[in-house]
Amino acid sequence: MIECLSRKIVNWQIKKKYLPEKDEKLYTYAYGLLIGQVINLIIACLLAIIFNAYMTVFVFLVSYIPLRIYAGGYHARTYTVCTLDSAILIFIVCLVTKVIPNNIIIELNLIIGLVSGILVFTLAPVEDSNKPLEYMEKDCYRRRSRVIWVIETVIWIVCYCLRLEVVSLVISLGHLALDVMLCLENVYIKKKK
């Protein structure tokens, strides 16, 4: 669906001579990314409204996206699957924050934090098989993902101490989601070899 829409936009722009035909694939890819991100943002806003979880969705996106950019992990093979995966992920985060009792958040945060720290420090960055990283990029992404993880972990500790338990839980859930993505892409890469 997203691929088809981006192709139509690019073909229309080529026909109107706004874009050169030789760059069709590049622009189709770029429009696909843009449309996918807009759709993902709209879905995230809708889920925030449905669950009355504006802060949850905001904190999740703000903590998950920067870490995901540098740590890498699983990438859906189509825009449609990516959009569906993103919606399911945000749905699960909203649901979990509604059902987890406050009295177990600290234990959950500590367990997730320990596992996440180990995985981020040992696996990240996990590159996409379609876009391998060069040595310098890998080193840079490794350092950045570790720094972001440490900063976010300090933030969730501070939030917990300030009795903002749900905010700290959401940051931890973002780390847990990242852990799953790192492991999934690692398994995919190993199966591919």
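Residues numbered from 1 in each chain as written. Predicted model: local features only at pLDDT ≥ 70, side-chain atom pairs only at ≥ 80, totals over all residues. Heavy atoms only, no water.

### Overview of unusual backbone geometry
Along the chain, Ala 124 connects to Pro 125 via a cis peptide bond; the corresponding omega equals 0°. At Asn 52, a residue that is not glycine, the phi angle is positive and equals roughly 50°. As for its placement among the helices and strands, Asn 52 is situated in the loop between α2 (24-51) and α3 (54-71). (Helix = DSSP H or I, 4+ residues; strand = E, 2+ residues; numbered from the N terminus.)

### Considering α3
Helix length check: α3 (18 residues) gives 26 Å between terminal C-alpha atoms against 26 Å at 1.5 Å per residue, within 8%. Restricting attention to buried positions, one finds in α3 the residues Thr 56, Val 57, Val 59, Phe 60, Ser 63, Tyr 64, Leu 67, Arg 68 and Ala 71. If you follow the buried residues of α3, they end up packed against α2, α4 (79-99), α6 (135-161) and α7 (165-192). Count one or two residues on from α3 and you reach Gly 72, which has phi positive near 80°. (Expected span 1.5 Å × (residues − 1). Buried < 20%, exposed > 50% of the residue type's maximum accessible area, 1.4 Å probe, protein only. Contact = heavy atoms within 4.5 Å.)

### Some thoughts on the confidence of the model for the protein chain
Across the protein chain, the average pLDDT comes to 90, with 98% of residues at or above 70. Per-element confidence in the protein chain is highest for α3, whose mean pLDDT is 95, and lowest for helix α1 (residues 2-15), whose mean pLDDT is 88. (pLDDT = per-residue confidence, 0-100.)

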